[in-house]
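Letter by letter, the chains look like this.
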Amino acid sequence: MRALCWEGKQDVRVKEVPDPEILNPHDAIVEVTLAAICGSDLHLYNGFIPGMKRGDVLGHEFMGVVVEVGSAVQHLRIGDKVVVPFNISCGQCASCREGLWSLCDNTNPAASAAVVDALYGGSGAGLFGYSHLYGGYWGGQSQRVRVPFAEVGCLVVNAHRDEDVLFLGDIFPTGYMAAENCSIRPGDVVAVFGCGPVGQFAIRSAFLLGAQRVIAIDSVPERLEMAHRGGAEMLDERDGSVLAALADLTAGRGPDACIDAVGLEAHDGFVGAYDRAKQALRLQMDRPSALRLAVLACKKGGTVSIPGVYGGFIDKMPMGAAFGKGLTFKMGQTHTHRYMRPLLALIEQRAIDPSFVITHRCSLDDAPEMYRTFNDKQDECIKVVIRP
Amino acid sequence: MFQEISRTRLAVGALAAGGIALAAWDLSRRPVRGVLARRGITIRARRHDVYATWRRLGNLPRFLEHVTEVTEQHDERSMWAIKEGPLTLSWEAQITDDVPDHRIAWESLPGADVDNAGAVELYDAPGGRGTEVIVTIHYRPPGGALVGAPLRGLLRRFTRHQLDVELRRLRQLLETGELAVGAPSRQFLPAHDARALGEGRV
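Bear in mind the structure is a predicted one, so any value in this text is a computation, not a measurement. (Residues numbered from 1 in each chain as written. Chains lettered and ligands numbered in written order. Predicted model: local features only at pLDDT ≥ 70, side-chain atom pairs only at ≥ 80, totals over all residues. Heavy atoms only, no water.)

Quick look at the nonpolar core
The condition that has to hold: Among the buried residues, those of types Ala, Val, Leu, Ile, Met, Phe, Trp, Tyr and Cys that are joined through side-chain atoms within 4.5 Å form a nonpolar core. The rule is simple: take the accessible area with a 1.4 Å probe, protein chains only, and divide by the maximum for that residue type; under 20% is buried, over 50% is exposed, in between is partly exposed. A run of DSSP states H or I qualifies as a helix once it reaches four residues; a run of E qualifies as a strand once it reaches two. Both are numbered from the N-terminal end. Contacts are assigned to residue pairs with any non-hydrogen atoms lying within 4.5 Å of each other.
Of all hydrophobic cores here, the largest spans 48 residues; its most connected members are F167, L168, F172 and V190 of chain A. Broken down by secondary-structure element, the contributors of at least two residues to this core are strand 3 (28-37), helix 6 (171-180), strand 11 (189-193), helix 7 (197-208), strand 12 (213-218), helix 8 (221-229), strand 14 (257-260) and helix 13 (336-348) of chain A. Setting aside its immediate chain neighbours within four residues, V190 of chain A contacts C182, I184, A206, A211, R213, V214, I215, A257 and I259 of chain A. Judged by nonpolar contacts, the second largest core, of 41 residues, contains L23 of chain A together with A37, W80 and L179 of chain B.

Observations concerning the interface of chain B and chain A
Selection criterion: Computed with a 1.4 Å rolling probe, the buried area is the accessible surface lost when two parts are put together, summed over both parts. Any Lys or Arg side-chain nitrogen located within 4 Å of an Asp or Glu carboxyl oxygen qualifies as a salt bridge. Whenever a nitrogen or oxygen atom comes within 3.5 Å of another N or O atom, the pair is scored as a polar contact, on the condition that within protein one atom can donate a hydrogen and the other can accept it, and that pairs from neighbouring residues in sequence are kept only if both atoms are in side chains.
In this complex, chain B contributes 24 residues to the contact, which on the side of chain A involves 31 residues. Between chain B and chain A, roughly 2,300 Å² of surface is buried when both sides are summed, and carbon and sulfur atoms account for 53% of that area. Broken down residue by residue, the surface that chain B buries against chain A is led by R44, E178 and P184 of chain B, which jointly contribute 26%. At the boundary of chain B with chain A, the tally comes to 2 salt bridges. For R39 of chain B, the salt bridge identified is with D117 of chain A, shortest N-O distance 2.9 Å. Where chain B packs against chain A, one counts 12 residue pairs in polar contact (both at pLDDT 80 or more). Examining the composition of the side of chain B that touches chain A, we find that 9 residues originate from one element, helix 4 (residues 144-176) of chain B, more than from any other.

Notes on the environment of A105 of chain B
Residues and elements named next belong to chain B. Within the secondary structure layout, A105 lies in strand 5 (residues 103-108). Each C-alpha atom of the pair A105 and T71 lies 17 Å from the other, and the pair is 34 residues apart in sequence. Not counting residues within four places of it along the chain, the set of residues in contact with A105 comprises Q94, I95, T96, D97, G118 and A119.

Comments concerning the packing of aromatic side chains
Residue and element names in this part refer to chain A. For clarity, the threshold we go by: Two rings from Phe, Tyr or Trp (for Trp, the six-membered ring) form a pair when their centres sit within 6.5 Å of each other. Planes less than 30 degrees apart are called stacked, planes more than 60 degrees apart edge-to-face, and all others tilted.
Across all of its chains, the model carries 10 aromatic pairs over all chains by this definition. Taking 5.2 Å as the distance between ring centres and 55° as the angle between the ring planes, the aromatic pair formed by F201 and F356 counts as tilted. Separated by 155 residues along the polypeptide, F201 in helix 7 and F356 in the loop between helix 13 and strand 17 (360-363) bring together distant segments of the chain. For F201, a relative accessible area of 0% gives the class buried. Judged by relative accessible area, F356 falls into the partly exposed class, the value being 24%.

Some thoughts on the sheet that holds strand 5 of chain B
All names here are of chain B. Operational definition: If DSSP finds at least two bridges between two strands, the strands pair. The angle between two axes is taken between their N-to-C directions and runs from 0 to 180 degrees, where each axis is a line fitted to C-alpha atoms and a helix contributes only its stretch in contact.
Taken together, 7 strands build an open sheet; the order of strands is 1-7-6-5-4-3-2 and the sheet is antiparallel. Sheet topology places strand 1 (35-43) and strand 2 (69-72) at the edges, where each strand pairs with a single neighbour. Neighbour-to-neighbour, the strand axes of this sheet turn through a mean angle of 20°, independent of strand direction. Sitting on the sheet, helix 2 (residues 47-55) is in contact with strand 2, strand 4 (87-99), strand 5, strand 6 (116-124) and strand 7 (131-139), with an inclination near 160° to strand 6.

See the structure below:
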């Protein structure tokens, strides 16, 4: 089959690779009909994440058609169209049974889970296309994928258009959980830092969950405009002090909740990676600043919700402000499985059309070029989907 | 029992890296002392099922990834083999304590390629959380006291880490009936995973 492979920093190529096979009884093979490039793929692309190997197949947002199933798969049928969640969950462990699907105890293979355990004191679920720290599972920017525990994860969407439901596998649930973590009450003002795809879904989800106002913060005009089309007020960080503006926009209260949809992505407990990331961040992204601003801006007693990915250590966290204002922090990888069905219902009720976020469509062959475009924020690129 | 063996294999690797020949092992001292490692895991399974899985010694190579083969013999004895390239370490072990659903302890018999002893202990986890599995491993670092002492701390950390890997494999098999593997197909599977796949529930 053909697949998009990680070959090194800012080097992804489409290559011919061996077809995936059923290895375990709960596996399925899915032939990909639509995949996406996620913002978090850029951190693999830019070499921030350790544990990548040459030839790894990227892509954790994908959907397709079931073409083969393992011996223990009972309810999925050959020919079913499915959306696959980005995290792999067994459905049997203590974490899955509590609904903490992204913390599955069993799907990060033992060798990599033990490494993450040594760094973090516990390992989350295995992830598609997201380094050998999370299992080295091949991803969906390819023609076929081996999907473990297929019946636990796959959402059957036979009656739906691909572009309407693709994002149920990651960014819609991620934005939704970020908003849900804000414990929104009537009258609440929510500030969303970062208007990439997750921020866009967080904005719309905050309104769905009853927010009175959403303030969207970014510096990229087309992203602010897309946020505005979703009902948010635009705050361009280039226009001056974000803190002062947020205080003014809330008459001194501060936002009731702040969502950090930027993240750090500079990874891992390894000191080398940390230093490299710090350098890169200063040059380019300055990402921990979003979290610091969120803490400083947030109302007393408010909530800081963090869907943006963090991997290692951060400097100069204003912990005194967080403590002094009695803030609540909520964070973590999305428990995607928990949200897929309820959010599909919202799509069916036409409460939201997730395809609004798509700005670019391409073939697998053009995907390497689209990585560059997306990474450089050229051509007003916000979200790329690939039809392999 | 096989846990120790795999630990031992790691010790062998560390030693080989140091350029010290296997022939230098001092096998004269007993009982087993030296490196002690302990590790626990909580498994969503009944104590009885964890015990039964461990007690069927032929199961052990599925989750003790460095053990190639275990054959049960008479009188609670068993033969173990680790095959790594041209090198084979083999080993006869004896169960020294066997309390159904609670505890299994073992010890290597004289003539073992590596002296070892260990125990697995099972407790009910609080609040219906399943079974707490605590594994303790003793083994003597190769090279006797002179080499063994400096290596001990390193080996203990190594062993503890390796125990984590192997107990995670046990949990995967007991909770889900399969071993989590990231490989897309058989050609990418490490040998110990290929050996452990596709044999049904433990």
